[in-house]
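Below are the chains, spelled out letter by letter.
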Amino acid sequence: MSSASDDDKRLHAATRLVRMGRAKDLTGPFVNPPVIHASTVLFDSVDAMLDRRQRYVYGRRGTPTSDALEQAVAAFEDAAGAVLCPSGLSAVTTALLACLSTGDRILMVDTVYGPVRHFADTVLKRLGVATTYYDPAIGAGIASLFDERTTAVFLEAPGSLTFEMQDVPAIAAVARERGATVLMDNTWATPLFFKPLAFGVDLSIQAGTKYIGGHSDVNLGTVAAGPRLWPKLKEYHGTVGLCAAPDDIYLGLRGLRTLAVRLERQMQSALQVARWLAARQEVARVLYPALETDPGHALWKRDMSGASGLFGFVLAGWSEERAKRLIDSLSLFGIGASWGGFESLAILARPKAYRTAVPYEAEGPLVRLHIGLEEPADLIADLDAAFARAAEVGD
Ligand SMILES: *Cc1c(COP(=O)(O)O)cnc(C)c1O
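Rules used in this analysis
Residues numbered from 1 in each chain as written. Predicted model: local features only at pLDDT ≥ 70, side-chain atom pairs only at ≥ 80, totals over all residues. Heavy atoms only, no water. Pairing = 2+ DSSP bridges. Helix = DSSP H or I, 4+ residues; strand = E, 2+ residues; numbered from the N terminus. Axes fitted to C-alpha atoms, helices over the stretch in contact; angles between N-to-C directions. Contact = heavy atoms within 4.5 Å. Disulfide = S-S within 2.5 Å. Buried < 20%, exposed > 50% of the residue type's maximum accessible area, 1.4 Å probe, protein only. Parallel < 35°, antiparallel > 145°, perpendicular 65-115°, else oblique. Left-handed = near helix turned anticlockwise from the far one by under 90°. Nonpolar A, V, L, I, M, F, W, Y, C, P; charged D, E, K, R; others polar. Near = heavy atom within 4 Å. Polar contact = N/O pair within 3.5 Å; in protein donor to acceptor, adjacent residues only side chain to side chain. Areas by Shrake-Rupley, 256 points an atom, 1.4 Å probe, with all protein chains shown as cover. Core = buried A, V, L, I, M, F, W, Y, C linked by side-chain atoms within 4.5 Å. Expected span 1.5 Å × (residues − 1).

J.: For the sheet that holds strand 2 (residues 105-109), give the residues involved together with the corresponding values.
T.: Read across the sheet, 7 strands follow the order 1-7-6-5-4-2-3 without closing on themselves; strand pairing throughout is mixed. One side of each edge strand has no neighbouring strand; the edge strands of this open sheet are strand 1 (81-85) and strand 3 (130-134). Put simply, the sheet's adjacent strands are angled 20 degrees from each other on average, direction ignored. Helix 5 (residues 88-99) contacts strand 1, strand 2, strand 4 (150-156), strand 5 (181-185), strand 6 (203-207) and strand 7 (221-225) of the sheet and is inclined by roughly 160 degrees relative to strand 6.

Shown next, in the form of structure tokens:
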């Protein structure tokens, strides 16, 4: 069961996020659904079991807990249905394997999340699926990359680490004309700011680890499908035996309720920090499509209704050692992978090794920031002090 029966599309996103996945048949009289830990589900008789005469038959195949989050995600995405996976990466690999077969070719954006590139270059290759990486700026020009084997196109916008926007509707239109499946990793914008299925995408993927969870305490993934791909996705997900753990699903549901307020705030704070950085003479460029100066700004403005708190900045002519000193000097930013939680993070990003279609060139080292729920003035003061400390030792 993955329909959003309790959802009303006429309501605003913030209202829908509070209500989705809370159908009475799942929650009973309570606000939230129970966290059901289950493998075995009992039947009243042998015949009842043989006929599978009840809604729940086995833990892996669904519980009221998993139904609640699946229904919520399906509603959030305006999808025919959604499945849950134990991580964001497993959600991407699930979506890919649900639609690819030996002999196929997939067109994959060059700025895709690194571990997805690794999956394509190893597992997909071993299974006889060829991958062609393309320039994120390709737009309708992607038509020239299609051959008779091409059955799928994968998008991620903005791109991992470097934040290039993509013309999603133009690429999706070309792919659909040729009968190819369109997949998109929409972890950055979330369906709050961009609904991929409304732009011609067939399978919309989120690392629920990031903004759905929102508290850096869970790994979770979701794949939502339009009517065309939903039966195929549901069948594949059940066949390979994927399921997410009940406590993790509950954390996902809990995070979802506050996603709109967190993201609105994180966008405002990120814009403040990004504008402050853009004005620093040490900074060559800020990579954030929500900024008017970003090359992807026009596409972002056309298609997305907001931006999340993740962006990058390039240091003008700095050595990598000095960039490391800058990050090490921060006290309010943690140093660590992942993002989407309530806390700010900073990493040194090295995209060069993950680009083959378009070589990555920059004026200096790249720092990626995730802006959390702290007061932006405190974050700016922390960055200001770190710039001063990084400058103390010249190199
Ligand atoms: C983090 C991330 C993933 C993977 O999520 P995990 O839960 O860490 O496996 C996938 N795609 C994008 C864009 C991500 O940022």
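Okay, back to it.
J.: Report on the state of the cysteines, specifying residues and quantitative values.
T.: Counted according to the given criterion, the structure contains 0 disulfides. Of all cysteine sulfurs in the structure, the one in Cys 85 sits closest to Cys 99, which takes part in no disulfide; the separation is 13 Å. Classification of Cys 99 as buried rests on a relative accessible area of 8%. Note on Cys 243: no disulfide assigned, nearest cysteine sulfur contributed by Cys 85 at a separation of 9.8 Å.

J.: Any details on the packing of helix 13 (residues 320-328) against helix 14 (residues 376-392)? Residues and values, ideally.
T.: Two numbers describe a pair of packed helices, the interaxial angle and the distance between the axes. Two elements in contact, helix 13 and helix 14, have axes separated by 8 Å at closest approach and are oriented at 140 degrees. In terms of orientation, helix 13 and helix 14 fall into the oblique class. Between helix 13 and helix 14 lies a crossing whose hand is right-handed. Taking contact as the criterion, the partners of Arg 322, Arg 325 and Leu 326 in helix 13 are, on helix 14, Ala 386, Phe 387, Arg 389, Ala 390 and Ala 391. When the residues that make up the contact of helix 13 with helix 14 are grouped by side-chain class, the tally is 5 nonpolar, no polar and 3 charged.

J.: Give me the lowdown on the site of the ligand, citing residues and values where you can.
T.: Close to the ligand lie Ser 87, Gly 88, Leu 89, Tyr 113, Glu 156, Asp 185, Thr 187, Ala 207, Thr 209, Lys 210, Asn 219 and Trp 339, which account for all nearby residues. Within the side chain of Lys 210, a nitrogen or oxygen atom sits 2.6 Å from an oxygen atom of the ligand. Out of a free accessible area of 380 Å², the ligand has 90% covered by protein chains. Among the residues making up the shell around the ligand, the classes are represented as 4 nonpolar, 5 polar and 3 charged.

J.: Can you lay out the nonpolar core for me, pointing to particular residues and giving the numbers?
T.: By size, the foremost hydrophobic cluster in this structure holds 122 residues, and its most contacted members are Leu 96, Trp 188, Tyr 288, Phe 311, Phe 313 and Leu 369. Not counting the four nearest positions on each side in its chain, Trp 188 is found in contact with Pro 158, Phe 163, Tyr 211, Tyr 288, Pro 289, Trp 300, Met 304, Gly 306, Ala 307, Ser 308, Leu 310 and Trp 339.

J.: Let's hear about the side chain of Ser 160: which residues, and what values?
T.: Along the polypeptide, Ser 160 turns up in the loop between strand 4 and helix 7 (168-177). Non-local contacts of Ser 160, meaning those with residues more than four positions away in its chain, are made with Thr 111, Val 112, Tyr 113 and Arg 355.

J.: Tell me what's going on with the sheet that holds strand 9 (residues 310-315), and back it up with residues and numbers.
T.: With antiparallel pairing, the 4 strands of this open sheet are ordered in space as 8-9-11-10. Edge positions in the sheet fall to strand 8 (283-287) and strand 10 (345-349), since each of these pairs with one other strand and no more. Adjacent strand axes in the sheet meet at a mean angle of 25 degrees when their direction is disregarded. Note: strand 8 against strand 9, 4 bridges, orientation antiparallel. Bridge pairing in strand 9 places Leu 287 opposite Gly 312. Strand contacts of helix 13: strand 9, strand 10 and strand 11 (366-370), with the helix running at about 170 degrees to strand 10, the strand carrying the most contacts.

J.: Give me the environment of Ile 142: which residues, what numbers.
T.: The residue Ile 142 is located in the loop between strand 3 and strand 4 in this model. Judged by its relative accessible area of 0%, Ile 142 falls in the buried class. When the C-alpha positions of Ile 142 and Ala 172 are compared, they lie 9.7 Å apart, and in sequence the two are 30 residues distant. Leave out the neighbours within four places in its chain, and Ile 142 touches Leu 107, Tyr 134, Val 153, Ile 171 and Val 174.

J.: Let's hear about the environment of Met 304: which residues, and what values?
T.: Tracing the backbone shows Met 304 in the loop between helix 12 (297-303) and strand 9. Exposure remark for Met 304: the relative accessible area of 6% places this residue in the buried category. Sequence separation between Met 304 and Thr 190 is 114 residues, and the spatial gap between their C-alpha atoms is 10.0 Å. Other than its neighbours up to four places away in sequence, Met 304 contacts Ala 157, Pro 158, Met 165, Trp 188, Ala 189, Phe 193, Phe 194 and Leu 299.

J.: Lay out the environment of Phe 311 in plain terms, naming residues and giving numbers.
T.: Within the element layout of this structure, Phe 311 appears in strand 9. With 39 residues separating them along the chain, Phe 311 and Arg 350 place their C-alpha atoms 14 Å apart.

J.: I'd like a rundown of helix 10 (residues 246-257), residues and numbers included.
T.: What sets the pattern is the α-helix's 3.6 residues per turn: residues three or four places apart point alike. Taking 1.5 Å of rise per residue, the 12 residues of helix 10 would be expected to cover 16 Å, and the 17 Å separating its terminal C-alpha atoms lies within 8% of that figure. Along helix 10, the residues that are buried comprise Pro 246, Ile 249, Gly 252, Leu 253, Gly 255, Leu 256 and Arg 257. Where helix 10 is buried, its residues meet helix 1 (13-19), helix 4 (64-76), strand 1 and helix 11 (259-278).

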